Amino acid sequence: MTEQLRLMAVHAHPDDESSKGAATMAKYVSEGVDVLVATCTGGERGSILNPKLQGDAYIEEHIHEVRAKEMAEAREILGVKQAWLGFVDSGLPEGDPLPPLPDGCFGLQDVEVAAEALVRLIRSFRPHVMTTYDENGGYPHPDHIMTHKISMVAFEAAGDPTRYPEAGEPWTPLKLYYNQGFNKPRTVALHEALIARGLESPYGEWLERWDDGGRPERQLTTRVPCGDFFAIRDKALIAHATQIDPDGGWFRVPLELQQEIWPTEDYELARTRVDTSLPESDLFAGIREN
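Residues numbered from 1 in each chain as written. Predicted model: local features only at pLDDT ≥ 70, side-chain atom pairs only at ≥ 80, totals over all residues. Heavy atoms only, no water.

Examining the environment of proline 93
Working step 1: Tracing the backbone shows proline 93 in the loop between β3 (81-87) and α5 (111-125).
Working step 2: Put simply, proline 93 and histidine 141 are 48 residues apart on the chain and 8.3 Å apart in space, counted from C-alpha to C-alpha.
Working step 3: When neighbours within four sequence positions are excluded, proline 93 is seen to be in contact with Leu98, Pro99, Leu101 and Pro142. (Helix = DSSP H or I, 4+ residues; strand = E, 2+ residues; numbered from the N terminus. Contact = heavy atoms within 4.5 Å.)

The structure is reproduced here in structure tokens:
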């Protein structure tokens with residue numbers, strides 16, 4: 001292709017783009033790919049997870065604005081564009097039984113109606129490839145699951161002139177991937193490497209509970225080599241200061257060990273309109289060659 005390649009990453013909240021596929025995006029930006037993050041919600045109901053910032057009255061009162069500023073910093077670090085779809089965070093319901101979701105939140109939207117905002121963005125940006133979450137949302141947060149749902153509708157509808165006719169000129173994305181960065185093979189490999197080096201692993205209890213959680217193993221079709229961009233990923237993640245403790249669990253595995261043992265970010269090819277051979281090492285496999 002002589003046309004500039006374009007990648008759209010669809011995420012639920014500000015910070016998701018930095019914890020899922022960030023090194024991949026930075027790699028493609030370095031290669032001249034145009035990358036756009038679509039952020040479905042403003043993260044308004046997200047908890048302050050960084051213990052160093054908990055109890056800060058200003059942050060608690062202005063969490064929406066604070067998270068928007070964090071997102072602006074992260075996107076500059078990654079070198080990507082970013083657009084807000086404008087939905088309201090559903091929060092993560094807790095308790096038994098679970099409480100109902102708040103009125104008007106993203107998780108309660110009609111899927112066909114909510115998908116129009118993403119269709120409009122797809123038709124404007126014209127991505128060749130999209131990434132999103134699988135049907136479980138990666139983990140069962142209502143906003144992650146809704147992100148999956150509207151992504152699937154929008155991927156199919158964006159190129160159809162009979163659907164959402166007011167949302168711009170049709171555009172047909174060619175491939176759709178699910179983020180699968182938190183997979184068992186990677187977790188096992190890093191755990192065993194830490195133990196072999198006499199280091200403490202944060203994954204022991206996690207792996208013990210892995211099969212008990214009923215999480216199905218996903219097919220890792222595509223592993224993108226991007227270890228050289230892990231440091232940029234971490235910097236972008238730290239920019240989301242309300243969500244990430246720089247001394248916390250995200251950073252317990254030495255960067256050099258990650259780059260040695262598992263220097264890829266991993267995906268599951270969910271839809272393709274071009275021929276490709278699995279496994280892949282490039283989200284644009286089958287597109288660059290055409």
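Notes on helix α4 (residues 63-78)
Working step 1: With 16 residues, α4 extends 22 Å between its outermost C-alpha atoms, agreeing within 8% with the 22 Å of an ideal straight helix rising 1.5 Å per residue.
Working step 2: What α4 keeps buried is the set Ile63, Val66, Arg67, Glu70, Met71, Ala74 and Leu78. Each buried residue of α4 sits inside an arc of 140° when the element is viewed along its axis, so together they form one side. Those residues of α4 that are exposed and aimed more than 90 degrees away from the buried face are Lys69 and Glu76.
Working step 3: Summarising the contacts, the buried residues of α4 are in contact with α1 (16-19), α2 (22-30), β2 (34-41), α3 (57-61), β3 and α9 (230-239).
Working step 4: Directly beyond the C-terminal end of α4, a positive phi value near 80° is found at glycine 79. (Expected span 1.5 Å × (residues − 1). Buried < 20%, exposed > 50% of the residue type's maximum accessible area, 1.4 Å probe, protein only. Arc of directions from axis to C-beta.)

A word on the side chain of histidine 11
Working step 1: Relative to the elements of secondary structure, histidine 11 occurs in strand β1 (residues 6-11).
Working step 2: Here tyrosine 133 takes part through its side chain, which lies 2.9 Å from a polar atom of the side chain of histidine 11.
Working step 3: Discounting residues that sit within four places of it in the chain, histidine 11 has contacts with Asp16, Glu17, Lys20, Val37, Ala38, Thr39, Cys40, Tyr133, Thr147 and Asn179. (Polar contact = N/O pair within 3.5 Å; in protein donor to acceptor, adjacent residues only side chain to side chain.)

A look at the packing of α4 against α9
Working step 1: Where α4 meets α9, the closest approach of the two axes is 8 Å, and the angle between their N-to-C directions is 170°. Judged by the angle between their axes, α4 and α9 are roughly antiparallel. Residues Glu70, Glu73, Ala74, Ile77 and Leu78 of α4 lie in contact with α9, whose contacting residues are Ile232, Lys235, Ala236 and Ala239.
Working step 2: For the contact of α4 with α9, the class distribution of residues is six nonpolar, no polar and three charged. (Axes fitted to C-alpha atoms, helices over the stretch in contact; angles between N-to-C directions. Parallel < 35°, antiparallel > 145°, perpendicular 65-115°, else oblique. Nonpolar A, V, L, I, M, F, W, Y, C, P; charged D, E, K, R; others polar.)

Overview of the sheet that holds β1
Working step 1: Taken together, seven strands build an open sheet; the order of strands is β3-β2-β1-β4-β5-β7-β6 and the sheet is mixed. The outermost strands of the open sheet, each flanked by one partner alone, are β3 and β6 (222-225). Adjacent strand axes in the sheet meet at a mean angle of 30° when their direction is disregarded.
Working step 2: Pairing between β2 and β3: five bridges, direction parallel. Each bridged residue has a counterpart across the sheet, and for alanine 38 the counterpart in β3 is alanine 83. (Pairing = 2+ DSSP bridges.)

Digging into the packing of aromatic side chains
Given two aromatic rings, their pairing is described by the distance between the two centres and the angle made by the two planes.
Working step 1: For the structure shown, the criterion picks out six aromatic pairs.
Working step 2: A centroid spacing of 5.7 Å and a plane angle of 40° characterise the contact between tyrosine 203 and tryptophan 206, whose relative ring orientation is tilted.
Working step 3: Residue tyrosine 203 is classed as buried on the basis of its relative accessible area, which comes to 10%.
Working step 4: In this structure, arginine 223 is placed above the aromatic ring of tryptophan 262, and the distance from its NZ or CZ to the ring centre is 4.0 Å.
Working step 5: The residue whose ring lies beneath arginine 233 is phenylalanine 230, and the NZ or CZ to ring-centre distance is 4.3 Å. (Phe/Tyr/Trp six-rings, centres within 6.5 Å; stacked < 30°, edge-to-face > 60°. Lys NZ or Arg CZ within 6 Å of the ring centre and 35° of its normal.)

Section: the pairing of β1
Working step 1: Among the six residues that make up β1, six are buried, leaving the element largely enclosed by the rest of the structure.
Working step 2: Two strands pair when backbone bridges link them, and β1 and β2 are joined in this way by six bridges, in the parallel orientation. Pairing of valine 10 across the sheet is with alanine 38, part of β2.

So, unusual backbone geometry
Working step 1: With an omega of 5°, the peptide bond between aspartate 96 and proline 97 qualifies as cis.
Working step 2: Structurally, the position occupied by proline 97 is in the loop between β3 and α5.
Working step 3: The step from leucine 278 to proline 279 runs through a cis peptide bond, and the omega angle for that step is -5°.
Working step 4: Structurally, proline 279 is set in the segment after β7 (264-272).
Working step 5: The backbone of arginine 126 sits at a positive phi, close to 65°, despite the residue not being glycine.
Working step 6: Residue placement: arginine 126 occurs in the loop between α5 and β4 (129-132).
Working step 7: Of note, tyrosine 164 is a non-glycine position whose phi angle comes to about 50°, a positive value.
Working step 8: Tracing the backbone shows tyrosine 164 in the loop between α6 (142-157) and β5 (175-179).

Some thoughts on α5
Working step 1: The end-to-end C-alpha separation of α5 is 21 Å, in line with the 21 Å expected for 15 residues at 1.5 Å each.
Working step 2: The elements touched by buried residues of α5 are β1, β2, β3, β4 and α6.
Working step 3: The opening residue of α5 is aspartate 110, an N-cap whose side-chain oxygen sits 3.1 Å from the backbone nitrogen of glutamate 112.
Working step 4: Looking one or two places after α5, you find arginine 126, whose phi comes out positive at around 65°.

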